[in-house]
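# Observations on the model geometry
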Amino acid sequence: MEIHAYEKLWLALALVLIVGFIGTITYGAAGAGIDMIDDKGGTVDPATLDDHPKFGDPGIEKTGENQYDVYVVARQFVFEPGTTQPIRVPEGSTVTFHVTAADVIHGFEVVGTNANTMAIPGQVAEFTVEFDEPGEYGLLCNEYCGSGHHVMEGKLVVMEQSEFDSWYEQQQQEGEN
Ligand code: CUA
């Protein structure tokens, strides 16, 4: 079978396009530090969240050198912590978030970053983020969760290390009382 030169050229170009498109999709799904959230965070009973050792009093916990766990409960229409009090983390830290919901499905998005998950009653979403520089980020609920969905927001503050240390110490002391 004979294929004309132009036809070969068009076939080759079409092939390049197809490979290119598959490449961009693959990069968008798995490249550039993208980590899909799976079920490794485990499950929790949403009805007894208040008695849970971590979610009963959610917040930040130091787990190692510059390593922290942050527990967040989403409920109509606040993040705990996040809304009444900001989530505070130190600069240069690696933070593993554990996010769940007490009532209905919510979203938990750290605005301007790729940290973004659904908060599902009964399910714990777990993901890790590195915060380099001091600064402030907004938190948003991006799943429709009821009449107050549009006002469900919060704040995350990346603090300077010394500032964070004294705040954290104070938290620990208050927790002991
Ligand atoms: Cu919570 Cu929308």
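Here, every reference points to the structure presented above.
We now turn to the structure provided with this report. Keep in mind the model is a prediction, meaning the values are calculated, not measured. (Residues numbered from 1 in each chain as written. Predicted model: local features only at pLDDT ≥ 70, side-chain atom pairs only at ≥ 80, totals over all residues. Heavy atoms only, no water.)

### Let's talk about the nonpolar core
Across soluble globular proteins, nonpolar side chains show a tendency to be buried alongside one another. Ile-87, Val-89, Phe-97 and Phe-108 are the most contacted members of the largest nonpolar core, which has 31 residues in total. Every element with two or more residues in this core is listed here: β2 (67-75), β4 (87-90), β5 (93-101), β6 (106-110), β8 (125-131), β10 (153-159) and α2 (161-176). Each residue touching Val-89, except ones within four places of it in the same chain, is listed here: Ile-60, Val-70, Val-95, Phe-131, Leu-156, Val-157, Val-158, Met-159 and Phe-164. With six residues, the next largest nonpolar core counts Val-44, Leu-49, Phe-55 and Val-124 among its residues. (Core = buried A, V, L, I, M, F, W, Y, C linked by side-chain atoms within 4.5 Å. Buried < 20%, exposed > 50% of the residue type's maximum accessible area, 1.4 Å probe, protein only. Helix = DSSP H or I, 4+ residues; strand = E, 2+ residues; numbered from the N terminus. Contact = heavy atoms within 4.5 Å.)

### Thoughts on helix α1 (residues 5-30)
Here α1 spans 37 Å end to end across 26 residues, near enough to the 38 Å set by a 1.5 Å rise per residue. Counting buried positions along α1 gives zero out of 26 residues, so the element sits mostly on the surface. Two residues or fewer after α1 comes Ala-32, characterised by a positive phi angle close to 50°. (Expected span 1.5 Å × (residues − 1).)

### Notes on the environment of Ala-125
Of note, Ala-125 is situated in strand β8. Assessed through its relative accessible area of 5%, Ala-125 is described here as buried. Remark: the alpha-carbon pair of Ala-125 and Gly-175, spanning 50 residues in sequence, is separated by 25 Å.

### Details of the pattern of salt bridges
The final tally for this structure, using the stated rule, is five salt bridges. Here Lys-40 and Asp-38 are joined by a salt bridge, their closest N and O atoms 3.9 Å apart. A relative accessible area of 46% places Lys-40 in the partly exposed class. Given the relative accessible area of 42%, Asp-38 is considered partly exposed. When salt bridges with common partners are traced through the structure, they connect Asp-50, Arg-75 and Glu-80 into a single cluster. (Salt bridge = Lys/Arg side-chain N within 4 Å of Asp/Glu carboxyl O.)

### Quick word on the packing of aromatic side chains
Tallied over the full model, the rule gives 11 aromatic pairs. Each ring, one from Tyr-68 and one from Phe-164, has its centre 5.4 Å from the other, and the planes form 80°; the classification is edge-to-face. With Tyr-68 in strand β2 and Phe-164 in helix α2, the pair connects residues that are 96 residues apart, well separated along the chain. Classification of Phe-164 by relative accessible area gives buried; the value is 0%. A ring pair is formed by Phe-79 and Phe-108, whose centres lie 5.5 Å apart and whose planes are at 80°; its orientation type is edge-to-face. Pair noted here: Phe-79 is in strand β3 (residues 78-80) and Phe-108 is in strand β6, with a separation of 29 residues, a long-range link. Among the aromatic residues, ring-to-ring pairing joins Phe-79, Phe-97, Phe-108, Phe-127, Phe-131 and Tyr-137 into one connected group. (Phe/Tyr/Trp six-rings, centres within 6.5 Å; stacked < 30°, edge-to-face > 60°.)

### Describing the sheet that holds strand β7 (residues 116-119)
Spatially, β4-β10-β9-β6-β7 is the arrangement adopted by the five strands of the open sheet, whose pairing is mixed. Two strands bound the open sheet, and with one partner strand each, they are β4 and β7. Averaged over all adjacent pairs, the angle separating strand axes in this sheet is 20°, with direction ignored. Sheet analysis places β6 next to β7, joined by four bridges and oriented antiparallel. Counterpart to His-106 in the pairing with β7 is Ala-119. (Pairing = 2+ DSSP bridges. Axes fitted to C-alpha atoms, helices over the stretch in contact; angles between N-to-C directions.)

By themselves, these figures tell us nothing about what the structure is for.
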